[in-house]
Amino acid sequence: MSQTDNNLYDAIIIGAGMSGLVCGCYLAQAGMKVLIAEQHHKPGGYCSTFKRKGFTFDAAAHSFGSYREGGNFKTVVNELGLDHRIAIRRYDPADIVVTPNHRISFWNDWGKTIRELQLAFPHELKTKEFISFMADPKPADIAALRNQTFKEVLDRYFTDDKIKTILFCQLFGNGGLPPSLMSAFTGSKIFTEFVVDGGYYPDGGMQALPDTFAQRFTEFGGTLLLSSSVAIITEDRNKVSGVVLKNGTAIRSRCVISNCDARQTYFSLLKGYSLNNRFAEKLNSMKPSLSMFIAYLGIDEFFDALPQPGSTLWFLPHYNIEQMYLSAQNEYETDLSKYLLRVSPSGNTILAMANTSFKNKEYWDKNKQLLLKNFITIIEQTTVPNLSKHLRYQEAASPYTLHSYTLNYQGAAYGWESIKQQFLDPDFRKPTFIDGLYLTGHWTTYAQGLAGVVYLGYDLAKSIIRKDKTARA
Amino acid sequence: MTEHVQKEIISIISEVSGLDEGEITTDKDFFRDLEIDSIKAIEITVAIEKKFGVSVRDEDVPKITTVKEAVELVNNLLIQKT
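Bear in mind the structure is a predicted one, so any value in this text is a computation, not a measurement.

### So, the confidence of the model for chain B
Residues and elements named next belong to chain B.
- Predicted confidence across chain B gives a mean pLDDT of 89, with 99% of residues reaching 70 or more.
- For chain B, the element scoring lowest by mean pLDDT is helix H2 (residues 38–52), at 89; helix H3 (residues 67–81) scores highest, at 92.
- In the predicted complex, the global pTM is 0.94; the interface-specific ipTM is 0.82.

### Details of the sheet that holds strand S15 (residues 291–299) of chain A
Residues and elements named next belong to chain A.
- Spatially, S8-S7-S16-S17-S18-S15-S19 is the arrangement adopted by the seven strands of the open sheet, whose pairing is mixed. The open sheet has two edge strands with one neighbour each: strand S8 (103–106) and strand S19 (391–397). The mean angle between the axes of side-by-side strands here comes to 15°, regardless of whether they run parallel or antiparallel.
- Here strand S7 (residues 95–98) runs beside strand S16 (residues 312–315); their pairing, made up of four bridges, is parallel.

### So, the packing of aromatic side chains
All names here are of chain A.
- Under the counting rule described, the total for this entry stands at 38 aromatic pairs over all chains.
- A connected cluster of aromatic rings, assembled from ring pairs, spans Phe106, Trp110, Phe130, Phe150, Tyr157, Phe158, Phe168 and Phe191.
- For the cation-ring pair, arginine 429 lies above tyrosine 446, with the distance from its terminal atom to the ring centre recorded as 4.9 Å.

### Section: the sheet that holds strand S3 (residues 34–37) of chain A
Residue and element names in this part refer to chain A.
- The parallel open sheet is built from five strands, whose spatial order is S10-S3-S2-S14-S20. Since the sheet does not close on itself, it has two edges, and those belong to strand S10 (223–225) and strand S20 (437–439), each with one partner. Taken over all neighbouring pairs, the strand axes of this sheet differ in orientation by 20° on average, direction set aside.
- Direction of pairing for strand S2 (residues 11–14) relative to strand S14 (residues 256–258): parallel, over a ladder of three bridges. Residue pairing for S14: isoleucine 14 is matched across the bridge by serine 258.
- The sheet strands contacting helix H10 (residues 208–219) are S3 and S10, and the helix crosses S10 at an angle near 130°.

### Concerning the interface of chain B and chain A
- Listed per partner, the contact involves 20 residues of chain B and 18 residues of chain A.
- Of the roughly 1,800 Å² buried where chain B meets chain A, counting both sides, 60% is carbon and sulfur surface.
- For the interface between chain B and chain A, the tally reads five salt bridges.
- Residues Asp459(A) and Lys40(B) are paired through a salt bridge, measuring 2.4 Å at the closest nitrogen-oxygen approach.
- By residue number, the principal contributor to the side of chain B that touches chain A is H2(B), which donates nine residues.
- Of the residues assigned to the side of chain B that touches chain A, the class counts are nine nonpolar, four polar and seven charged.

### Some thoughts on the pattern of salt bridges
Residues and elements named next belong to chain A.
- Summed over all chains, the structure comprises 27 salt bridges over all chains.
- Among the ionic pairs, lysine 361 bridges to aspartate 365, the shortest N-O distance being 3.0 Å. Highlighted residues: lysine 361 and aspartate 365, both in helix H14 (residues 361–382), separated by four residues, approximately one helical turn.
- Relative accessible area serves as the criterion here: at 34%, lysine 361 is assigned to the partly exposed category.
- We classify aspartate 365 as exposed; its relative accessible area is 56%.
- What emerges from the salt-bridge pattern is a single network uniting Lys151, Asp155, Asp161 and Lys164.

### What to know about the state of the cysteines
All names here are of chain A.
- Applying the stated criterion across every chain, the model contains zero disulfides over all chains.
- In this structure cysteine 23 is a free cysteine whose sulfur lies 7.6 Å from that of cysteine 255, the closest cysteine sulfur available.
- When its relative accessible area of 0% is taken as the criterion, cysteine 23 is described as buried.
- Note on cysteine 47: no disulfide assigned, nearest cysteine sulfur contributed by cysteine 25 at a separation of 13 Å.
- On the accessibility criterion, cysteine 47 (3% relative accessible area) is buried.

### Concerning unusual backbone geometry
- Backbone torsion omega between Asp92(A) and Pro93(A) reads 0°, so that peptide bond is classified as cis.
- Looking at the element boundaries, Pro93(A) is found in the loop between strand S6 (88–90) and S7.
- Here the phi dihedral of Leu424(A) falls at roughly 50°; this positive angle occurs in a residue that is not glycine.
- By the secondary structure assignment, Leu424(A) is in the loop between helix H15 (399–406) and S20.
- At Glu35(B), a position not held by glycine, the phi torsion is positive, near 55°.
- Here Glu35(B) lies in the loop between helix H1 (2–17) and H2.

### Considering the packing of helix H8 (residues 161–175) of chain A against helix H13 (residues 321–329) of chain A
Residue and element names in this part refer to chain A.
- Look at H8 against H13: their axes get within 11 Å of each other, and the N-to-C directions meet at 25°. As the angle between them shows, H8 and H13 are arranged roughly parallel. Mapping the contact onto sequence places Thr165, Phe168, Cys169 and Phe172 in H8 and Ile321, Met324 and Tyr325 in H13.
- For the contact of H8 with H13, a count of residues per class yields six nonpolar, one polar and no charged.

### Some points on the packing of helix H5 (residues 127–135) of chain A against helix H7 (residues 150–157) of chain A
All names here are of chain A.
- Taken N-terminus to C-terminus, the directions of H5 and H7 make an angle of 140°; their axes are 9 Å apart at the nearest point. Regarding the angle of H5 to H7, the classification is oblique. Note on packing geometry: the crossing formed by H5 with H7 is right-handed. Within the contact between the two elements, H5 uses Glu129, Phe130, Phe133 and Met134 and H7 uses Phe150, Val153, Leu154 and Tyr157.
- When its residues are assigned to classes, the contact of H5 with H7 shows seven nonpolar, no polar and one charged.

What counts, and at which threshold
- Counting of residues starts from 1 at the beginning of each chain's written sequence and follows it residue by residue.
- Written order decides the labels, with chains lettered from A and ligands numbered from 1.
- Given that the model is predicted, a residue must reach a pLDDT of at least 70 before its local features are reported, and side-chain atom pairs must reach 80 or more before they are shown or counted; all residues, however, enter totals for whole chains, interfaces and linings.
- Each side-chain value is derived from all of the structure's non-hydrogen atoms; neither hydrogens nor water enter the calculation.
- Per residue, pLDDT captures the predictor's confidence, and it can take any value from 0 to 100.
- Counting from the N terminus, the helices are the DSSP runs of H or I reaching at least four residues and the strands are the DSSP runs of E reaching at least two.
- When DSSP finds two or more bridges between a pair of strands, those strands are recorded as paired.
- Lines fitted to the C-alpha atoms define the axes, with helices restricted to the stretch that makes contact. Angles between their N-to-C directions range from 0 to 180 degrees.
- Two rings belonging to Phe, Tyr or Trp (six-membered ring only in the last case) form a pair when the distance between their centres is within 6.5 Å. Interplanar angles under 30 degrees mark stacking, angles over 60 mark edge-to-face geometry, and anything in between is tilted.
- Here, a charge over a ring is recorded when the distance from Lys NZ or Arg CZ to the ring centre is within 6 Å and its angle to the ring normal is within 35 degrees.
- We call two residues in contact when some of their heavy atoms are within 4.5 Å.
- Two parts lose some accessible area (1.4 Å probe) when they are put together, and adding that loss for both gives the buried area.
- Criterion for a salt bridge: a side-chain nitrogen of Lys or Arg within 4 Å of a carboxyl oxygen of Asp or Glu.
- Amino acid classes used here: Ala, Val, Leu, Ile, Met, Phe, Trp, Tyr, Cys and Pro are nonpolar; Asp, Glu, Lys and Arg are charged; the rest, including Gly, are polar.
- Buried means the residue's accessible area, taken with a 1.4 Å probe over protein chains only, is under 20% of the maximum for its type, while exposed means over 50%, and partly exposed covers the values in between.
- Cysteine sulfur atoms that come within 2.5 Å of each other are treated as a disulfide pair.
- Angular relationships are summarised with four words: roughly parallel below 35 degrees, roughly antiparallel beyond 145, roughly perpendicular across 65 to 115, and oblique for the angles in between.
- When the near helix sits turned anticlockwise from the far one by under a right angle, the crossing is termed left-handed; a clockwise turn instead gives a right-handed crossing.

The following block contains the structure:
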């Protein structure tokens, strides 16, 4: 084979996040010649794991949903023949919400959760009705939510702000928006896939997911290049023609799939292309979601005050999520009073996260260690007394850290903010103006968390395979 | 009018689902036959609203489950508009 043939692919995927990996697996399985180029030295993006001083930490993603029979994640794992390769367990309760007056567990058995909620809020009569709708919504019923906010949905079922907050808490944690801004569609998706069907975790840590998919991808004949940044996407008369890597290697393909953030895709990777002004303005005005401040804590042993390993604890100091959102957006301060805490199933590491805004590198260089110390104190005072006595390792990731490892714009935790104006915009998935360019992952305006990006990778691959077949026929 | 509406709706469904227009006949069920899920259902609804400049009432959205039903609904909305 000539050098040219070696560098000609049916599809090139930029980024080995979960969405890129899933998409790559399906395309390669269908017989296409596929290349994935990833800038980091391991696959996974936010879904990865790192080791420090003998402790293994999940970097950001720490559990997932949509793994019931028929759930999107489960379907993908089964169709790619991975069901016997990854041991996935569901933890029970998946989540525990702690507020000033309540401690509500979200059990795998929803009957149990409903009873717990009914006992705490006997005056609310539609709890079961709400959960039934969220657990099994019909596609058309969901479509009816397209112009509403999740607040409107909650207000239809409940009157007490406390139950609304307890039910919404995980949507804030998985979508970074308060009820008044979160689209009802996105909210109900998160509720169905993360809350009703949440709590799954692979044995060995989150890295097991991308590692297994990456291995499968190469078995299907795909080529995975790690530590390989793409410098530009090349195009010719509004058709993509390939990519050039930072090391200068040119790789040709009529199909380029970007699993990285949309600003990077359009503004830096396509820098030679003159983007039409209207689209460039739209892109410039798009708002990224909130980022995170994350504490990685290694402990000497599991102790009583900790929540059960594998269950995620959500601590809310009050019931005003709108206020929590405003305070997380503050450009000058970092509010760590509302947080998520989780002991890894291995029992010796803790992940604690709080939403915050990006700010800038200088701010985090100056404040990160102090904030970590404060965060540990807050946790000790609110949910886990004596935590510091058990600490053997502590480190933090700021939004800047998240950005530097994954290149996500402003370290955004969930891609674009899922507000109504930034929701389901086809130009962020398959732009009409450049042929052969696709986007996948949480910057498409379609995704919600791991379940969402896995679905997008799957859906995009199916549509490319269909088109490819039609074109060959 | 019906024929034009039908053609446009089939084209929208084809665009969203990736299916060939020929596969999308008027009596096929979106969810059972055309593998349209909740995200695609909403995309189709939004695309129909944009294309015809109409707004589908929330309570009517669940009624759109075949091309035929979508065409009838859009026709009625277009008549109301004029």
